[in-house]
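So you can see what is in the structure, the chains are spelled out below.
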Amino acid sequence: MPKNRIFKTKDGRYQYKVTDSSGNRRQIFSRRGETRGAFSIRCDQLDKEETFDTEIINFNDLFYAWIHGHVEVGLSPGYRKICVYVYDHYVGPYYGQKRIQDIKRRDVYQLLVQYDKKGMSSSTLSKIRACFSRPYNWAINALALDLVSPTQGLVYRKKSQKRNSRNRVITDDEMSRFLKAAEKSKYYNYFLILKMTGLRPSECLGLKIKDIKSDHLEIRRGITRDGLSPLKTDTAVRDIPLTDSLKKVLSDQKAISVFMTQDGWLFPSESGKPSMNAIENATKRAISQTAEYHTGGHNGMKKLKLIRNPIKLSLYDFRHTYATKMAEQNINPKALQYLMGHKDIQTTLNYYIGITDKMLDQAKKAMENVV
């Protein structure tokens with residue numbers, strides 16, 4: 001239970017205030033659609049964060065103080081797992097025992113150069129940098145420690161290199177083959193919803209029957225490998241308009257799942273709760289079944305020769321495909337940003353996979369109209 005009183009503002013939102021160890025006043029407000037109970041949990045987390053106290057000497061102390069005092073009380077288990085893995089494997093062995101005042105910008109830069117030369121991806125390099133910047137910023141802002149972050153003013157650009165990355169847009173042929181292979185899967189409608197909405201896989205798995213409204217679909221939670229998780233950003237809380245085809249798929253799935261779970265999950269597993277592991281296994285099975293063979297034998301079912309290899313796709317490819325298809329329809333980028341739940345418009349633009357022939361045809365027609 002929060003140690004202070006929760007207030008209700010004039011606009012109907014809940015407000016909570018707490019004084020940190022430095023005497024500074026911090027406050028938070030409820031999010032759109034957030035219940036008082038859910039807001040109260042966040043208030044408890046804020047209390048724990050602001051009263052956190054420990055002796056911090058070296059970087060190892062600081063990193064795990066940040067994990068226990070900030071990440072574990074306010075962020076997802078999946079985020080914690082990634083942070084700890086990157087720190088333990090790439091940062092801690094070099095700087096874990098070094099005094100926090102002694103780690104400088106050049107130390108971080110040299111570490112990034114070292115891993116860059118080994119061919120590490122930009123994503124992992126970014127996570128390594130975050131293992132420094134986020135604990136230091138937390139210590140400076142939340143614990144009021146007299147420090148300077150070693151990443152302050154640090155500019156590092158990964159050396160360009162050729163990468164054989166595949167196109168993440170699912171072609172019409174690949175989509176047809178995949179959905180045909182997944183027809184008998186209990187998660188067939190899950191795949192259809194990903195195709196129709198571009199939802200994050202975790203958001204789609206986190207849907208409940210109560211989220212289906214007469215004219216829109218509410219996105220309010222996610223289910224990851226680590227279970228129930230808050231949405232990635234505040235802008236991920238959104239309402240998706242319902243088309244007739246999407247209404248039908250949701251209605252069909254509602255009829256299937258309504259008696260399978262007491263909690264109203266739209267895609268429950270055998271346990272009655274959603275499982276990302278079950279979704280990923282169903283995806284792998286469907287992908288393997290997209291392979292085509294010459295068959296024969298006494299019953300005509302024996303696989304004699306491979307004609308076409310199985311397709312390659314991931315659950316996130318549905319999201320990139322949706323963004324590209326919508327871009328081809330000339331949807332306003334800001335509207336697409338909202339539908340995809342992105343905080344930054346640049347993130348939305350990055351989801352477009354190159355320039356397609358259809359985009360060029362539309363540009364040509366636009367040029368003719370201008371002339």
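Please refer to the structure higher up on the page.
The notes below deal with the structure included here. (Residues numbered from 1 in each chain as written. Predicted model: local features only at pLDDT ≥ 70, side-chain atom pairs only at ≥ 80, totals over all residues. Heavy atoms only, no water.)

### Quick word on the nonpolar core
F178, Y190, F191, I193, C204 and F267 are the most contacted members of the largest nonpolar core, which totals 46 residues. Elements with a contribution of two residues or more to this core: α6 (172-181), α7 (188-197), α8 (201-205), β4 (216-219), α9 (244-257), α10 (276-288), α11 (315-328) and α12 (333-340). Aside from chain neighbours lying at most four places away, what touches Y190 is P201, C204, L205, F267, I279 and L315. Counting residues in hydrophobic clusters, the runner-up holds 35 residues, among them F59, F63, L143 and L147. (Core = buried A, V, L, I, M, F, W, Y, C linked by side-chain atoms within 4.5 Å. Buried < 20%, exposed > 50% of the residue type's maximum accessible area, 1.4 Å probe, protein only. Helix = DSSP H or I, 4+ residues; strand = E, 2+ residues; numbered from the N terminus. Contact = heavy atoms within 4.5 Å.)

### Observations concerning the sheet that holds strand β2 (residues 14-19)
Sheet architecture is open: three strands sit in the order β1-β2-β3, paired in antiparallel fashion. Sheet topology places β1 (7-8) and β3 (25-29) at the edges, where each strand pairs with a single neighbour. Note: β1 against β2, two bridges, orientation antiparallel. Looking at β2, one finds that F7 is bridged to Q15. (Pairing = 2+ DSSP bridges.)

### Thoughts on the packing of aromatic side chains
Aromatic ring pairs are described here by two measures, namely the spacing of the ring centres and the angle between the planes. A full pass over the atoms with the stated rule returns 18 aromatic pairs. Aromatic pair F178 and F318: ring centres 5.8 Å apart, planes at 65°, arrangement edge-to-face. A residue pair is termed long-range when its members are at least 10 positions apart, and F178 in helix α6 and F318 in helix α11 qualify at 140 residues. Pair check on accessibility: F178 and F318 agree, each one buried. Relative to F318, the ring of F191 has its centre 6.4 Å away and its plane inclined at 15°; by these criteria the two rings are stacked. Here the residue F191 occupies a position in helix α7, and F318 occupies one in helix α11, the gap between them amounting to 127 residues. Of the two residues, F191 and F318, neither departs from the other in class, the shared state being buried. Each member of the aromatic cluster is reached from another via a ring pair, and the members are F59, F63, Y64, W66, Y87, Y95, F132 and Y136. Positioned over the ring face of F29 is R13, at 4.5 Å from the centre of the ring. (Phe/Tyr/Trp six-rings, centres within 6.5 Å; stacked < 30°, edge-to-face > 60°. Lys NZ or Arg CZ within 6 Å of the ring centre and 35° of its normal.)

### A look at the side chain of E280
Relative to the helices and strands, E280 resides in helix α10. Of the residues examined, E280 reaches a relative accessible area of 19% and is grouped as buried. Separated by 2.8 Å, the side chains of E280 and R225 make a polar contact. (Polar contact = N/O pair within 3.5 Å; in protein donor to acceptor, adjacent residues only side chain to side chain.)

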